[in-house]
Structures are given as C-alpha cells and as structure tokens.
Amino acid sequence: MKIKVMDNLLKANDVIAQNNRALFEAHNVFVVNLMSSPGSGKTSLLEKTAGLLPEDVKLGVIEGDIETAEDAKRMEKAGIPVVQIQTGSACHLDANMIAGALEEFDLAPIDILVIENVGNLVCPAEFRVGEDHKAMILSVTEGAEKPLKYPLMFHESSLCVINKIDLAPYCDFDMEKARENARHSSPDLDIIELSCRTGEGLEKWVEWLLAKRNAYLSGVKPPPFAPPHGHGGKAHEHTHPHT
Ligand code: MG
Ligand code: ZN
C-alpha cells in the first residue's frame, strides 16, 4: 500500500511538473535542476556562472533549502534574480514547490533558470519539477564510490560536474574510478571536471549550459514524461515523510 501511495504522489507531481514546463516554454526559459549532497558547491558554481555567461544570456535561480535564505543572499550579491524556497522539513524539491516559487518569479527576462535543489544525493532525483535537464555535482572530497552508492541521481542526470579538483591530491580521489563508476549508472553521462575555487574548468560548464540551451531553442525538447525514474518504473519507498 505504501508503494501505491508513493506512485500516486509521483504521478500528481508529474502533472504539476508538466504545467511548470509549459510555463517555461512559454517564456523560452531553459531549465536545469541542479542536485548534489550538501557542501558540494552548487551555490558556489552558480555564483560564478552569471559572470561567465554572454551578456545577452540572463541567469535566474530558484534556491531550495530546508531552512535559511543564505544561498539566496549569495545569489543577490552576485546580481542574480533569485527566489528562495524553504522546504521546512522536506529533503527535496517537488513540482508543487516550484509552481509556488514561479508565482513570485518574473520569467520574462530570464534565459537560463537553474533550480538549486536541497543538498541530498537521494530523493531529489526522484521528483521532476519541469526541468529540461537534471545535472549534479560530485565533489572530490565525497569519494569516487558515490556513484555506486547513489546510482539513481547519476542515472537521472545529463551532466555530472566533478568539483573541487584542486583538492584531489589531498583526498586520494581516483578520478578515473569516479568517471567509470558514474558512467556505470549512466553510459551517456557528460562529465566535467572543475574547481569553483580556482576557476579551472568553469568554461566547460558554461559551454555545456549554452550548448544545451541552444539545442533547446532549436527545438530539442526533453522526451515526454515516461513512467517514473528508472528502477523498473517502480516508485521508491520512503521512510521519511514527503509532504
Ligand atoms: Mg547551496
Ligand atoms: Zn525527500
């Protein structure tokens, strides 16, 4: 019975996600759902991104956090239009939360919207919010085995950014192993190595964003929603409440 409930919940979520996507399309906004564990560098990456995009490509951000508006403050400081979602107890963003944030968000001037999900390698991957792509960050301090432990997030993502490469020598991070493990879950996964701190590799992330946005503008749209989320289409059971 619990699985049944979760199934319905995901289906209801997908209906709202479709509505969100329609709204994005009406404004020609290309949308990335950015996921990672806490502290991997989602906010740092976004802080750097706005200044690296061409002047005529405007970035907007929706911040998802359980508490606080710290990350939204950082976006504002970087001159990025932002709406903060405080999820209260929920450990992921869902389509309904994004629909609520969109009531506050003027999409008209925005070209690329990045939704920074709650820091969590598990359930954010299960919920569509209307994005064109999911992308994720794995930082070298987390270890090269994470793709094997959290395969769904890697499977659902189009891109895996490997951040903090400047720290790789200090934490015995095996880059080749990490790439191999990530592609095990997702053979077509794009992988970009970078360091938000030193700036190395950031241009590759910006190139990826612009290339995917160009594809989107030229009519390459994500496939219509299929049965939920890999794993044989079976929704995941959760031991924590998803309200
Ligand atoms: Mg953050
Ligand atoms: Zn959750």
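Throughout, a residue's number is its position along its own chain's written sequence, starting from 1. All chains are assigned letters beginning with A, and all ligands numbers beginning with 1, in the order in which they are written. Residue-level local features of this predicted model are given only where pLDDT is at least 70; pairs of side-chain atoms are given and counted only at 80 or more, and the full residue set underlies all totals for whole chains, interfaces and linings. The basis for every side-chain value is the complete set of heavy atoms in the structure, and neither hydrogens nor water enter the calculation.

(A) Expanded view of the sheet that holds strand β1 (residues 30-36). Strands qualify as paired when DSSP identifies two bridges or more between them. Only DSSP runs of H or I reaching four residues or more are called helices, and only runs of E reaching two or more are called strands; each is numbered from the N terminus. Taken in spatial order, the seven strands line up as β3-β2-β4-β1-β5-β6-β7 in an open sheet, and their pairing is parallel. With one partner strand each, in any of the chains shown, β3 (82-86) and β7 (190-193) form the two edges of the open sheet. The sheet shows a mean angle of 20° between the axes of neighbouring strands, direction not considered. Note that strand β5 (residues 133-139) and strand β6 (residues 159-163) share five bridges and pair parallel. Angles run from 0 to 180 degrees between N-to-C directions of axes, and those axes are lines fitted to C-alpha atoms, restricted for helices to the stretch in contact.

(B) Representation of the coordination of the magnesium ion (ligand 1). The protein atoms donating to the magnesium ion (ligand 1) are T43 (OG1), D71 (OD) and E116 (OE), with metal-donor distances spanning 2.0 to 2.1 Å. For Na, K and Ca the donor cutoff is 3.2 Å, while for all other metals N, O and S atoms must lie within 2.8 Å; water is not among the atoms, so some sites may look incomplete. One chain supplies every donor to the magnesium ion (ligand 1), and in sequence these donors are spaced T-x27-D-x44-E. One end of the pair, T43, is in helix α2 (residues 42-52); the other, D71, is in helix α3 (residues 70-77), with 28 residues separating them in the sequence. The pair T43 / D71 is uniform in exposure class, with both members buried. Partly exposed describes any residue whose relative accessible area lies between the buried limit of under 20% and the exposed limit of over 50%, with all areas from a 1.4 Å probe on protein chains only and scaled to the type maximum.

(C) Local environment of the packing of aromatic side chains. Pairs were defined over the aromatic rings of Phe, Tyr and Trp, the Trp ring being its six-membered one, requiring ring centres within 6.5 Å. Orientation was assigned from the angle between planes: stacked under 30 degrees, edge-to-face over 60, tilted for the rest. The final tally for this structure, using the stated rule, is two aromatic pairs. Measuring from ring centre to ring centre gives 5.8 Å for F30 and Y216, while their planes differ by 50°; the resulting arrangement is tilted. Here F30 is found in strand β1, whereas its partner Y216 is found in helix α8 (residues 202-217), with 186 residues between them in sequence. Using a relative accessible area of 2% as the deciding quantity, one classes Y216 as buried. A centroid spacing of 6.2 Å and a plane angle of 10° characterise the contact between W205 and W208, whose relative ring orientation is stacked. With a gap of three residues between them, W205 and W208 both fall in helix α8, about one helical turn apart.

(D) The pairing of β1, seen in detail. Burial runs high along β1: seven of the seven residues are buried. A two-sided burial pattern is seen for β1, the buried positions comprising F30, V32, L34 and S36 on one face and V31, N33 and M35 on the other. In the sheet, β1 pairs with strand β4 (residues 112-116) via five bridges, with the strands oriented parallel. By the bridge assignment, N33 is partnered in β4 with I115. As defined by bridge partners, β1 adjoins β5 across five bridges and the pair is classed as parallel. When the sheet's bridge partners are listed, V32 is paired in β5 with H133.

(E) Fine view of the packing of α2 against α8. The interhelical angle for the contact between α2 and α8, taken along N-to-C directions, is 70°, at an axis separation of 10 Å. In terms of their interaxial angle, α2 and α8 are classed as roughly perpendicular. Side by side, α2 and α8 meet where L45, K48, T49 and L52 of the first sit next to L202, W205, V206 and L209 of the second. Looking at the contact of α2 with α8 residue by residue, the classes come out as six nonpolar, one polar and one charged. The cut-offs work like this: below 35 degrees is roughly parallel, past 145 is roughly antiparallel, 65 to 115 is roughly perpendicular, and the gaps in between are oblique. Note on contacts: a residue pair qualifies if any of its non-hydrogen atoms lie within 4.5 Å across the two residues. Three classes are used: nonpolar for Ala, Val, Leu, Ile, Met, Phe, Trp, Tyr, Cys and Pro, charged for Asp, Glu, Lys and Arg, and polar for all others, with Gly counted as polar.

(F) Layout of the layout of surface pockets. The calculated volume of the second largest pocket comes to roughly 320 Å³. Both site types are read off a 1 Å grid over the protein atoms alone. A 1.4 Å probe that fits but cannot get out defines a cavity, while an open set with protein on both sides within 12 Å along at least five of seven lines defines a pocket; lining residues have an atom within 4 Å of a point. Along its surface, the second largest pocket is lined by 23 residues, and P38, G39, S40, G41 and K42 are the ones closest to its centre. Counting only elements with at least two residues in the lining of the second largest pocket, the list comes to α2, β2 (59-65) and α3. No other element matches the three residues that α2 contributes to the lining of the second largest pocket. For the lining of the second largest pocket, the class distribution of residues is five nonpolar, 10 polar and eight charged. Grid points are joined across faces, edges and corners, and a volume is the space filled by probe spheres set on the points.

(G) Region of interest: the pattern of salt bridges. A pairing counts as a salt bridge when a side-chain nitrogen of Lys or Arg comes within 4 Å of a carboxyl oxygen of Asp or Glu. In the structure shown here, the tally under the stated rule is 11 salt bridges. Here E70 ties to K73 by a salt bridge, and the two come within 3.2 Å at their closest N and O atoms. On the criterion of helical spacing, the pair formed by E70 and K73 is a turn pair, its members being three residues apart in helix α3. The salt bridge involving R179 is made with E193; its shortest N-O contact spans 2.5 Å. Pair noted here: R179 is in helix α7 (residues 175-185) and E193 is in strand β7, with a separation of 14 residues, a long-range link. Owing to a relative accessible area of 23%, E193 belongs among the partly exposed residues under this scheme. Salt bridges sharing common partners tie together E145, K146 and K149.

Distances and angles like these do not, on their own, reveal function.
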